[in-house]
Amino acid sequence: MWKKSKVTDQTATGQAGIKKKSKVPGVMITQFMEELPEGMTTPDFTRKPIALTIQEGKFAFFKAKVVGTPTPTVTWSRANGEILFHPAVCMQKYDEATEEHTLEFPKVSPEDADTYKCYATNEYGRAICTVVLNVIEVGFSKTKELQKAQGEETVDFRKQLKKRNPDGTREEKPMEPEEKVWEILLSADKKDYERICTEYGITDFRGMLKKLNEMKKEREEEIAEFITQISSLKPIEVKEDDYATIELDMDLKDPSSKIYLYKDGVMVPFSKEEGEELKHSLKQVGKKYIFTIKRLGTEDAGLYSVDVEGVNVFSTDFKVPQVDFAVKIQEVKAEEREDALFQCVLTAPMTEIKWYGKSALLSNGEKHEIIVSEDKLIHKLIVRDCMPLDAGIYAAVAGIKSCNAWLIVEDPGVHFHAGLSDCKAIIGEAAELECKVSREDCVGIWYKDGEEIKSSEGITISKDGTFHRLKIHKVTEEFAGKYKFEADGRKTEADIVVEDPPRFNAEELEAFKTPVTVKKGHKATFNLPFIGREPIKIQWYREGEELSEEGNIKIEHSEGSSRLLLLKLQRKDSGEIKIKLKNEFGTVEALSQLLVLDKPTPPMGPLEIVEATASAIEIKWRPPKDSGGCKILNYILERQQIGRNTWKKVGPIGPEAKYRDTDVDHGRRYCYRLRVETEMGISELMETEDIQAGTKAYPGPPSAPRVVSAFKDCITLSWAPPADTGGTSILGYNLEKRKKGSNLWGPVNPPHEMIRAKEFAVKDVVEGMEYEFRVSAINNSGAGEFSSPSEFVFARDPKKPPGKVSDFKVTDSTYTTISLSWTKPKDIEGVADEAKGYFVEIRLAENTEWDRCNLNAITMNSYTVKGMKSMAMYWVRVIATNEGGNGEPQELDNYHISMPPPVRPRFTDAKIKSFMVVRAGNSARFNINFEASPWPEVIWLKDGVPVSKKVTISNAEGTSQLLIPSAERSDTGIYTIIVKNVVGQETFSIEIRVTDEPKPPGPVELDENVTGTVTISWTQSPDEKRDDRLHYMVTKRDSSKRTWNTIGDRIFNNRFTACNIMPGREYQFRVYAKNDMGSSKPSESPKWLIPAKKEKFTVRMPESKPCNLQCPPKFIVSLKMHTAPEGYECYMTCAIKGDPTPHVTWLRDNVSLNTNTNYLISNTCGVCSLLILRVGSKDTGEYKVVAENSLGRAESSTKLTVRE
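Residues numbered from 1 in each chain as written. Predicted model: local features only at pLDDT ≥ 70, side-chain atom pairs only at ≥ 80, totals over all residues. Heavy atoms only, no water.

Let's shift gears to helix α3 (residues 193-200). Within the sequence span of α3, burial applies to Tyr 193, Ile 196 and Cys 197. Down the axis of α3, the buried set is contained in an arc of 100°. They therefore lie on one face. At its buried positions, α3 is contacted by α2 (177-187) and α4 (205-224). Phi for Gly 201, located one or two positions after α3, is positive at around 75°. (Buried < 20%, exposed > 50% of the residue type's maximum accessible area, 1.4 Å probe, protein only. Helix = DSSP H or I, 4+ residues; strand = E, 2+ residues; numbered from the N terminus. Arc of directions from axis to C-beta. Contact = heavy atoms within 4.5 Å.)

Here we come to the sheet that holds strand β63 (residues 806-813). With antiparallel pairing, the three strands of this open sheet are ordered in space as β63-β64-β67. Pairing within the sheet leaves two strands with one partner each, and these edge strands are β63 and β67 (862-865). Direction aside, neighbouring strands of the sheet carry axes that sit 20° apart on average. Where strand β64 (residues 818-823) lies against β67, four bridges are found, and the strand directions are antiparallel. Pairing of Ser 819 across the sheet is with Thr 864, part of β67. (Pairing = 2+ DSSP bridges. Axes fitted to C-alpha atoms, helices over the stretch in contact; angles between N-to-C directions.)

Before going further, it helps to spend a moment on the environment of Ser 1196. Mapped onto the elements, Ser 1196 comes out in strand β98 (residues 1192-1203). With sequence-adjacent residues up to four places away left out, Ser 1196 is seen in contact with Phe 1115, Ser 1118, Leu 1119, Tyr 1183, Lys 1184 and Val 1185. Of note is the side chain of Ser 1196, whose polar atom sits 3.1 Å from the backbone nitrogen of Leu 1119. (Polar contact = N/O pair within 3.5 Å; in protein donor to acceptor, adjacent residues only side chain to side chain.)

One finds Phe 45, Phe 105 and Met 208 to be the most contacted residues of the largest nonpolar core, which totals 43 residues. Excluding residues within four positions of it along the chain, Phe 105 makes contact with Lys 58, Phe 59, Ala 60, Phe 62, Val 89, Cys 90, Asp 112, Tyr 116 and Leu 133. Residues Ala 244, Leu 248, Tyr 289 and Leu 296 belong to the second largest nonpolar core, which totals 30 residues. (Core = buried A, V, L, I, M, F, W, Y, C linked by side-chain atoms within 4.5 Å.)

Our focus in this paragraph is the pattern of salt bridges. Within the structure shown, the criterion is met by 64 salt bridges. Lys 513 is the partner of Glu 510 in a salt bridge, and the nearest nitrogen-oxygen pair spans 3.8 Å. Pair noted here: Glu 510 and Lys 513 are both in helix α5 (residues 506-513), with a separation of three residues, about one helical turn. Three or more residues joined by partner-sharing salt bridges are found here, namely Glu 991, Arg 993, Asp 1027, Arg 1029 and Asp 1076. (Salt bridge = Lys/Arg side-chain N within 4 Å of Asp/Glu carboxyl O.)

See the structure below:
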């Protein structure tokens, strides 16, 4: 029976980068960076592991050789689960001599069958290759039976572990060793399995793993009933204050679940608070549970188990070594920046002890070094480069014993906590240098350029605690230089760099910022003094555009000042004025505003007629585009009655851009002129079009009424006013209704009671009837046109949105579509009403927004979504809807990948040939059809390894073709196709034999060994060595018939014995070489003749003498060794003499074959033959011929080997 591995995707996943091809097929290289440093390379395989098929129990291994700079690290993984490295299971090795990395299985088992990946990684990239291990399972296995027996014992142990009282507590009895070891293993790390098995005498490591995995699965199911999540399981840990803790994080489904603590199977009482007197306590912080064992002693050793409601969730074995401190650690004093050493001596050897620093567990590193003597008795802790922060209590813990001592860090002298920093100082301003030392009583000296300086008229030296300062009140160029502060032999330095950038006086800058306002045609002047080291570049800008001296622009520079003069200013010259100064030390800018005043521009249209009635005309307009920089004082209005030549001055009407003219005659037309007045003058005029007073202008139709709400006794509607009001304001609205199916509209409101608002509640309705409504607007001229009707609405209480659909599922899918079906949601009175339609929505897994597939609700309970991305991951949902709104969406239970339904690969051809013969030089072509979903990976192998580049593989949807152009004999082999996808895989093998018509055999020789027979022998054909299916055929012709007859075929050796040879006849023989392509030319034998003696016939009466010709059996020609291909014939012959005629028996492995119909046995004149028509592996063995008569017995034996 085969245990085949599951072949997985060979593409490496993980760190993103640049994909590269390897020279070795099947290797994928990922480069982590775009450009590699000189001399560095990514990893690659020079020899990759080869797929292996092997019988279980044998030694199996994979070998790989890698290259790369720096040298890559090689790791292995498997597709299903993790590789367990153990001397009895699997080992990873490296041979420095051959530079080979190996993965070895000392006794391979069916559980090892899998797809393995080999990774070669360095800091610049990673190379990955995949290899398959197939394991052939044998029949009865003593080891398996032993494992089975042990498994049954394990189940018994598990049952014992589960024995509980009715309240879920364990039976009050100590645990047996068999129970204890399984409970320890269930909570142990994998790295501890070997140690635990050795300790408890478990020898069948594989059997233990198998049963442990079954027990873990069972326990996980039990834990899931009470706990949502459990993690961070920490084995028992001894602290420095003579107590131990057990920590675990678990999220209980029911916070009131009971928690029990057991020691060696016996319940241990514990308190909920640490302060109580019980030895054991439990503290809960959020989801973290901490059991504490105080006042540790040797009696506390044992297996501690934590149970929740009768289910074991964690166990840890607490061992108390028999050790104490012969010499405890002592207080250590160390100066700052020195190393400190703690040392202790134990009474018994220990590989390691725990060191704590200020209650934190310490480990080997740059800061702390842990040293153990060779005899494991002396343990040391070195604290490197001590700082004040390192001071505190340090502890050593050995088993349950601990000791502690202080580390005191002393300050050796003065040092700087903060040194001087370089300073840039501006001429005329103050500058300061500051440093901080470690002691307040420190006295230091200041230096400038190597000379000591002290407080003087321009310099102040001060000290404030540990801070030392030097302040320069007003910087000049002579203060530039290197400054140094020295104290107690230590010093710090800094440079003061004096700069003189351009800058302005603060008061003059504020004056410059004040906006400058001038009238059109006048001039404006901007002037600003400055200081700074020359040369200084001066630039003036207006609205961001640099100014240069030209007709109306004058720029004057003098020492420490610059002046800008702008002449004949226009309104367009208004804007931002900027001066910019720059020298080698920096740049400075200053901004101001220029405002040029001018007359305003005319008012702006279009004119808006607010009202045009018989009694008044009201108009509005827009202010001027440019008011000239001044406030608008008035609008000046003139009016002309159409038909008259004079304009009537209405006068200034104020600054508001509107006017109501009540001095009008009904039906007359009027025209108006408008001007703007400011302090700079009056603008040009704007003249309006003719406006008629008091024309009949009805409003346009409002919008169609919208249903706000609907109940059985009231329907509330709203609408929007008409866009065309008819030139006057809207006074109100008329509303009408009509029943569905009727042609008559009826008023809702009485004609003399118009509706003032844009909303109305219609109460004159009949429950269950369906209505539509329309509305018209009313102005001074009267009622206008009615609006379009509203949608039909029922006079009934609002419907409830429908519930969720049920039985939502995928009925079919392709790479671009998905077909869905569902069941209509149930109607629940008062909760969910009947669904009237459905919306289908999808979203890609990486998106957060849903896309609606159908804009209008569909009424069918099925839908096909089209236009999906091939192999993309989608979430799908359906929403039921009705007049009450949309119900809650119902999603598929899982995401959907856009592809056809998963189909395990299978071959669809009705008959597939498994053997093909091709003439050398011709092309070999083999097509095979299959079906699989998703699209599978197709792999071709020749004799178990990937096909060469010479072979062309063509894959299309559902078919694959193998083509060998111009085939050679070396292309002969077993070709295997592997079709695999995520569902599974299927394989098929075909033997392709490339051959040609054989060359004829060599010279033929004849020999007579037995009277009446001829033994024909010949030299083998030159093609025999390279064609294991080549055989021979012998034909005979005698002088009496002159025709050639076949006397022997499918002969796989170079000899044949012809019988029934008659004296006096001339014989000739031909030998042909034959294979799958045909026969060769014959090789002829010399003619053979046994002359017949012709004598004169006389009758002589001989004397009667007794003649005894009897003899025991004897083999004249013995059996020969035979090797035959599987599926072909095998022909065995031998020659025997004896008198009386011997009885001949054929045997295979000492079992008689004379009555076996699978073998053709003949005996002609002492030539005995056995023919096997179709050789199989069952025919392998020892064959024997036994000849017996009354005078004796003779035997001849041989062996038959069957070649696959």
